[in-house]
Amino acid sequence: MLEVSGLTVRFGGITALAGVGFTVQPGHMVGLIGPNGAGKTTLFNCLTRRYRADAGTVGFAGTDLLSVPPHAIVSLGIARTFQNLGLFPQMSVRDNVLVGAHGRARAGFLSAGLRLPSVRREEAALRAETDALLRRLDLADVAGHPATGLPFGTLKRIELARALAARPRLLLLDEPCNGLSHGEVGEFATLLRELRAERDLTVIVVEHHMGFVMGTCDRVVCLEFGRKIAEGTPAEVQNDQAVRDAYLGSAA
């Protein structure tokens, strides 16, 4: 589904990604790990076209992703969450999730302005689908509440719901377990496995919680200073000496 080759990103004299390459098979969950500053979020920003790559190629289901404008990424079937929450704090939870469905709306400017019957039917269908998604993620009770002031774990689920509302084929999760308690991490891992099966999702997850990564991912890619230093099954990466030296550490 995804093939990254030779991806390089520079910010002035700093090379954030240096020739990174890996592949993701349909239906797999891939963990992207590494120390802070390794280039993980930069990689996500390249895949979603927030950053421009200086070199390399990215193919997504046969499409040259680096030639696609940023606003068209979601229509290809790619959605993401953010390391630092990207919600609209004053909007209701329901409206935040509806934003994720916006890319699937077909109403044009004129028809939407005139509130034609087709527009009203489309909005009703999107709202019904959003409400079903809120129920699935146990968010129905706060659907009308502004996003601001809600518990951090709830906000994480709202971001996940917004990404799922776009009906993605490839879901990019940037540190979804950050700030969650041990119990919440276990619940999220179970939820993500269920959603992957229900929605036929392919997932790439940036995460520092190694229990989550090693317990849920099919493959793991490790970056250090913008370079890939290991790739393989969780067990292979966990036992890779370069990964231990750079990130996981060894027993004293």
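Everything discussed here concerns the structure shown above.
Residues numbered from 1 in each chain as written. Predicted model: local features only at pLDDT ≥ 70, side-chain atom pairs only at ≥ 80, totals over all residues. Heavy atoms only, no water.

1. Some remarks on the overall build of the chain
Reasoning step 1: Counting secondary structure elements, the chain contains ten helices and ten strands.
Reasoning step 2: At 19 Å, the chain has a C-alpha radius of gyration in line with the 18 Å of a compact globule built from 252 residues.
Reasoning step 3: Each principal axis of the C-alpha distribution contributes one length, and for the chain these read about 65 × 40 × 30 Å.
Reasoning step 4: The proportion of buried residues among the 252 residues of the chain is 45%.
Reasoning step 5: Carbon and sulfur atoms make up 52% of the accessible area of the chain, which totals about 12000 Å².
Reasoning step 6: Seen as two clouds, the 27 positive and the 25 negative side-chain charges of the chain have centres 7 Å apart. (Helix = DSSP H or I, 4+ residues; strand = E, 2+ residues; numbered from the N terminus. Rg over C-alpha atoms; globule rule 2.2 N^0.38 Å. Buried < 20%, exposed > 50% of the residue type's maximum accessible area, 1.4 Å probe, protein only. Areas by Shrake-Rupley, 256 points an atom, 1.4 Å probe, with all protein chains shown as cover. Lys, Arg positive; Asp, Glu negative; His and termini not counted. Charge placed at Lys NZ, Arg CZ, Asp CG, Glu CD.)

2. Observations concerning unusual backbone geometry
Reasoning step 1: Phi at alanine 61 is positive, roughly 50°, even though this residue is not glycine.
Reasoning step 2: With respect to the helices and strands, the residue alanine 61 is situated in the loop between strand E4 (55-60) and strand E5 (63-64).
Reasoning step 3: With a relative accessible area of 45%, alanine 61 lands in the partly exposed category.

3. Quick notes on the packing of aromatic side chains
Reasoning step 1: As enumerated under the stated definition, the model contains two aromatic pairs in all.
Reasoning step 2: Ring centres of phenylalanine 188 and phenylalanine 212 lie 5.9 Å apart, and the angle between their planes is 40°; on these two criteria the pair is classed as tilted. Of the two residues, phenylalanine 188 is situated in helix H7 (residues 182-199) and phenylalanine 212 in helix H8 (residues 210-216); the sequence distance between them amounts to 24 residues. (Phe/Tyr/Trp six-rings, centres within 6.5 Å; stacked < 30°, edge-to-face > 60°.)

4. Remarks on helix H10 (residues 241-248)
Reasoning step 1: With a side-chain oxygen positioned 2.9 Å from the backbone nitrogen of alanine 242, the residue opening H10 is aspartate 240.
Reasoning step 2: Directly beyond the C-terminal end of H10, a positive phi value near 85° is found at glycine 249. (Polar contact = N/O pair within 3.5 Å; in protein donor to acceptor, adjacent residues only side chain to side chain.)

5. Structural notes on the nonpolar core
Reasoning step 1: Counting 47 residues, the largest nonpolar core has Leu137, Leu160 and Phe212 as its most contacted members.
Reasoning step 2: Excluding anything up to four places from it in sequence, leucine 160 contacts Thr81, Leu137, Leu171, Leu173, Phe188, Leu191 and Leu195. (Core = buried A, V, L, I, M, F, W, Y, C linked by side-chain atoms within 4.5 Å. Contact = heavy atoms within 4.5 Å.)

6. Examining the packing of helix H3 (residues 93-101) against helix H6 (residues 152-164)
Reasoning step 1: One can describe the packing of H3 onto H6 by two numbers: an axis separation of 6 Å at closest approach and a directional angle of 35°. For the crossing formed where H3 meets H6, the hand is right-handed. Contacts between H3 and H6 involve Val93, Asn96, Val97, Val99 and Gly100 on the former and, on the latter, Ile158, Ala161 and Arg162.
Reasoning step 2: Here the contact of H3 with H6 is built from residues that sort into five nonpolar, two polar and one charged. (Axes fitted to C-alpha atoms, helices over the stretch in contact; angles between N-to-C directions. Left-handed = near helix turned anticlockwise from the far one by under 90°. Nonpolar A, V, L, I, M, F, W, Y, C, P; charged D, E, K, R; others polar.)

7. Here's the deal with the pattern of salt bridges
Reasoning step 1: Applying the stated criterion to the full structure yields eight salt bridges.
Reasoning step 2: The partner of arginine 80 in a salt bridge is aspartate 174, and the shortest N-O contact between them spans 3.6 Å. Of the two residues, arginine 80 sits in strand E6 (residues 78-80) while aspartate 174 sits in strand E7 (residues 170-174), which places them 94 residues apart along the sequence. In this pair, the class of arginine 80 matches that of aspartate 174, namely buried.
Reasoning step 3: Here lysine 228 ties to glutamate 231 by a salt bridge, and the two come within 2.8 Å at their closest N and O atoms.
Reasoning step 4: What makes lysine 228 partly exposed here is its relative accessible area of 34%.
Reasoning step 5: You can call glutamate 231 partly exposed: its relative accessible area is 29%.
Reasoning step 6: Overlapping salt bridges, with partners in common, bring together Arg136, Glu194 and Glu198 in one network. (Salt bridge = Lys/Arg side-chain N within 4 Å of Asp/Glu carboxyl O.)

8. A short note on the sheet that holds strand E2 (residues 14-24)
Reasoning step 1: Read from one edge of the open sheet, four strands run E2-E1-E4-E5, paired in antiparallel fashion. Strands with a single pairing partner mark the edges of an open sheet, and in this sheet they are E2 and E5.
Reasoning step 2: One ladder, built from two bridges, connects E4 with E5; its direction is antiparallel. Following the sheet pairing, phenylalanine 60 is matched in E5 by threonine 63. (Pairing = 2+ DSSP bridges.)

9. What to know about the environment of lysine 40
Reasoning step 1: Tracing the backbone shows lysine 40 in helix H1 (residues 40-47).
Reasoning step 2: Spatially, the C-alpha atoms of lysine 40 and aspartate 174 are 8.6 Å apart, while their sequence positions differ by 134 residues.
Reasoning step 3: Beyond its immediate chain neighbours, meaning those up to four positions away, lysine 40 contacts Leu32, Ile33, Gly34, Pro35, Val206, His208 and Leu223.
Reasoning step 4: Within polar-contact distance, the side chain of lysine 40 engages the backbone oxygen of proline 35 at 3.0 Å.

10. Quick look at the side chain of threonine 42
Reasoning step 1: Inspection of the secondary structure assignment puts threonine 42 in helix H1.
Reasoning step 2: On the basis of relative accessible area, threonine 42 is assigned to the buried category, the value being 12%.
Reasoning step 3: Residues in contact with threonine 42, not counting those within four places in the same chain, are Val9, Phe11, Ala16, Leu17 and Tyr51.

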